[in-house]
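Here is how the chains run, residue by residue.
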Amino acid sequence: MTHFASRRGSALAITLIALTVLLLLVVGAITFTGRNQSAAVAKTRSDRVEACAETARRYLLSRLKVFGTGAVPVTSISLEQVLQDDQVIADSSVMRTAHLGDTASAPTAAVLASSSFSSGKDQVSDAANTLREGTAGGSYYRVVVMCDEPGGRQAETEFVFRFGI
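Residues numbered from 1 in each chain as written. Predicted model: local features only at pLDDT ≥ 70, side-chain atom pairs only at ≥ 80, totals over all residues. Heavy atoms only, no water.

Novice: Tell me about the overall build of the protein chain, residues and numbers included.
Specialist: Each helix and strand counted, the protein chain has 2 helices and 5 strands in total. Listed N to C, the secondary structure of the protein chain is α-α-β-β-β-β-β in terms of helices and strands. Per-residue burial over the protein chain gives 22% buried out of 165 residues. In the protein chain, the share of contacts with a sequence separation of at least 24, taken over all contacts with a separation of at least 6, comes to 60%. Put simply, the protein chain shows about 11,300 Å² of open surface, and 59% of that area lies on carbon and sulfur atoms. (Helix = DSSP H or I, 4+ residues; strand = E, 2+ residues; numbered from the N terminus. Buried < 20%, exposed > 50% of the residue type's maximum accessible area, 1.4 Å probe, protein only. Contact = heavy atoms within 4.5 Å. Areas by Shrake-Rupley, 256 points an atom, 1.4 Å probe, with all protein chains shown as cover.)

Take a look at the structure:
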């Protein structure tokens, strides 16, 4: 009888060891899944704020005719626009002409000399769309736009464009 009891005791010990190993594997899998989910959420938020900054760039370029005519020169462009990207207005993103960390919009456009571009003087263009024959016309501008989310994430885009005749 003692021989039979010792086999039962060792089966119980092996079962407990197997259950402990399985428990460690399950806890590891749950931890890994939680980390993956956190990384995916962070990536989604990062993509959202980057898309917002690109939207700010495109929006500013689409508004150049309004900004660049009359008494408003391009260098005084100041953009602050709330995007309707959330049902709650307080959770919406804000695109503005500003640098990272700035909480208010400020003009960030600067005129660049065409000589700072290697082929700036010799560009080919349609002569019908210029005032002076043989020149491309217009000025180069460097502008900084950024997008600010209520959670504190920000993204900045700096770009150069040519505007005017």
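Novice: Let's hear about the confidence of the model for the protein chain: which residues, and what values?
Specialist: For the protein chain, mean pLDDT is 76; residues scoring 70 or higher make up 78% of the total. Across the protein chain, strand β2 (residues 94-96) holds the top mean pLDDT of 86, while helix α2 (residues 64-67) sits lowest at 71. Every residue in residues 129-135 scores below 50 in pLDDT, and together they form 8 contacts with partners more than four places removed in sequence or on other chains. (pLDDT = per-residue confidence, 0-100.)

Novice: Please give an account of the side chain of T97 that cites residues and values.
Specialist: With respect to the helices, strands and loops of the structure, T97 is situated in the loop between β2 and β3 (110-112). In this structure T97 comes out as buried when scored by relative accessible area, which is 1%. What T97 contacts, discounting residues up to four positions off in sequence, is L60, I77, S78, L79, S105, A106, T108, V144 and V145.

Novice: Account for the nonpolar core, with residues named and values stated.
Specialist: Membership of the largest hydrophobic core comes to 19 residues, with the highest contact counts inside it found for L60, L64, V74, V143, V145, F159 and F161. Those elements that place two or more of their residues in this core are α1 (2-62), β4 (139-148) and β5 (154-163). Here the element with the most residues in this core is α1; it accounts for 5 residues. The residues contacting F159, other than those within four sequence positions of it, are R57, L60, L61, Y141, R142, V143 and V145. (Core = buried A, V, L, I, M, F, W, Y, C linked by side-chain atoms within 4.5 Å.)

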